[in-house]
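Descriptive structure summary
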Amino acid sequence: MRVTVDIDDDGLARVEMCRGAGNAIDLAMARALLDAARECEKARARAVLLTGQGRSFCVGGDLKEFAALPRERLAGHLTDVTDALHGALRILTGLDAPLVVAVQGAVAGAGLGLVGAADVSLAASDAGFTAAYTAIGYTPDAGVSWSLPRLVGPRRAVDLLLTNRRVPAAEALQLGMVSRVVAPERLNEEAVQTAGALARGATAAYAAARRLVGRALSADLDEHLDTEARQLAAAAVSAEGREGVAAFLGGHRPDFTRSEGGGSEGASPGAVRPAAASPDPPPLVPPRPELARPGSAWADGA
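**Description of the overall build of the protein**
For the protein, the helix and strand inventory stands at 11 helices and nine strands. Here the protein, with 302 residues, has 49% of them falling under the buried criterion. Across the protein, contacts joining residues at least 24 apart in sequence account for 69% of those joining residues at least 6 apart. Summing over all exposed atoms, the protein offers an accessible surface of approximately 14,100 Å²; the carbon and sulfur share of this is 55%.

**What about the pattern of salt bridges?**
If you walk through the whole model with that rule in mind, you get 12 salt bridges. Asp26 is paired through a salt bridge with Arg2; the nearest N and O atoms lie 2.8 Å apart. Of this pair, Asp26 sits in the loop between strand S2 (12-17) and helix H1 (27-42) while Arg2 sits in the segment before strand S1 (3-7), and the two are 24 residues apart along the sequence. Accessibility expressed as a relative area gives 28% for Arg2, which makes it partly exposed. Ionic pairing is found between Asp26 and Arg19, a salt bridge with its closest N-O pair at 3.3 Å. Salt bridges linked by common partners bring Arg2, Arg19, Asp26 and Asp62 together as one network.

**Brief notes about the nonpolar core**
In terms of nonpolar packing, the biggest core is built from 57 residues, with Val48, Phe57, Phe129 and Met177 touching the most fellow members. Of the residues forming this core, the biggest block, nine residues, is contributed by H1. Leu12, Val100, Val120 and Leu198 belong to the second largest nonpolar core, which has 14 residues in total.

**Regarding helix H9 (residues 203-216)**
Here H9 spans 20 Å end to end across 14 residues, near enough to the 20 Å set by a 1.5 Å rise per residue. For H9, the full list of buried residues reads Thr203, Ala204, Ala207, Ala208, Arg210, Arg211, Leu212, Gly214 and Arg215. Here the buried face of H9 lies against helix H3 (71-94), helix H10 (221-237) and helix H11 (239-250).

**Some points on the sheet that holds strand S6 (residues 120-124)**
Pairing is mixed across the open sheet formed by six strands, whose spatial order is S1-S2-S3-S4-S6-S9. Among the strands making up the open sheet, the edge pair consists of S1 and strand S9 (180-182). Here the strands of the sheet are splayed against their neighbours by 20° on average, with no regard to which way each runs. Alignment of strand S3 (residues 47-52) against strand S4 (residues 99-103), held across three bridges, turns out to be parallel. Directly across from Leu49, in S4, lies its bridge partner Val100. In this fold H1 packs onto S1, S2 and S3, with an angle of close to 10° to the strand it touches most, S1.

**A short note on the packing of H10 against H11**
A packed helix pair is summarised by two numbers, namely the angle formed by the two axes and the spacing between the axes. Axis separation between H10 and H11 bottoms out at 4 Å; the angle between their running directions is 70°. With respect to H11, the axis of H10 lies roughly perpendicular. Packed against H10, whose contacting residues are Ala235, Ala236 and Val237, the element H11 presents Ala239, Gly241 and Arg242 at the interface.

**A short note on the sheet that holds strand S7 (residues 128-130)**
Pairing is mixed in the open sheet, where three strands are placed in the order S5-S7-S8. The sheet terminates laterally at strand S5 (106-108) and strand S8 (167-168), the two strands that pair on one side only. By the bridge criterion, three bridges tie S5 to S7 in an arrangement that is parallel. Residue pairing across strands places Ala106 opposite Gly128, the latter belonging to S7.

**A look at the environment of Ala45**
With respect to the element layout, Ala45 can be found in the loop between H1 and S3. Note: C-alpha distance between Ala45 and Gly11 (34 residues apart in sequence) is 4.9 Å. Beyond its immediate chain neighbours, meaning those up to four positions away, Ala45 contacts Gly11, Ala13, Cys40 and Ala97.

Rules and cut-offs
Residues numbered from 1 in each chain as written. Predicted model: local features only at pLDDT ≥ 70, side-chain atom pairs only at ≥ 80, totals over all residues. Heavy atoms only, no water. Helix = DSSP H or I, 4+ residues; strand = E, 2+ residues; numbered from the N terminus. Buried < 20%, exposed > 50% of the residue type's maximum accessible area, 1.4 Å probe, protein only. Contact = heavy atoms within 4.5 Å. Areas by Shrake-Rupley, 256 points an atom, 1.4 Å probe, with all protein chains shown as cover. Salt bridge = Lys/Arg side-chain N within 4 Å of Asp/Glu carboxyl O. Core = buried A, V, L, I, M, F, W, Y, C linked by side-chain atoms within 4.5 Å. Expected span 1.5 Å × (residues − 1). Pairing = 2+ DSSP bridges. Axes fitted to C-alpha atoms, helices over the stretch in contact; angles between N-to-C directions. Parallel < 35°, antiparallel > 145°, perpendicular 65-115°, else oblique.

Rendered as structure tokens:
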């Protein structure tokens, strides 16, 4: 078993790569990640936490597997690997559920792409990041050449892709590659706490906010202000919006997990509830082939 999935009563899906050997991605691992993403989608997870077991989060592709293949089979095999891996990324970034990634040790190649796809990324202070592709004569996959420029800027992205230098966690935070850095012994606790809080939060509002940020990189201000206004109006009359305001005025915590569209009043304890949805939300971004499908928070610039 290369990837495990556990979905708790709050709808938090904990996805863990557990292959060993740096969680290198071979074809079986890529397919396991795709299956895990499909499971999160089917269960309507309210948040997803992606981690890697062992000393390193993910060192990228399994070069031993690739090197063992005859030349005439290698290109087709790599296509199969990237089809599965990219399929997993399309699903995970297309969910309304926020994606949290927690990393430690070495993060390289496609591992960098998994971090780049996250809405919130936590890094242990001992983590180190490197693109690694061009060092072996390969080119990026897992959306690295798409997400990295959006996180650190085009010039720095090209620098990292060409030099393959190791970026320590503190610098990765400064560059914008990760959201926060924590002590290694606190990584799991903080990751679970962060993802758990998101799972109990306003899922539809999270999704809309992420898509607004994605659209902002390609829309002009006038157009974007109109989109914000439409989205806010839709959110205000949604079950989440009504629950949030009522809870604030009533001086208690909102329960977004039981709002209309997020599970019926009679839902049994422990049920994984679907994300609440705003009525007729406006389409914020068109789909694009990289790391996106219709509705993806990463579409057009997230």
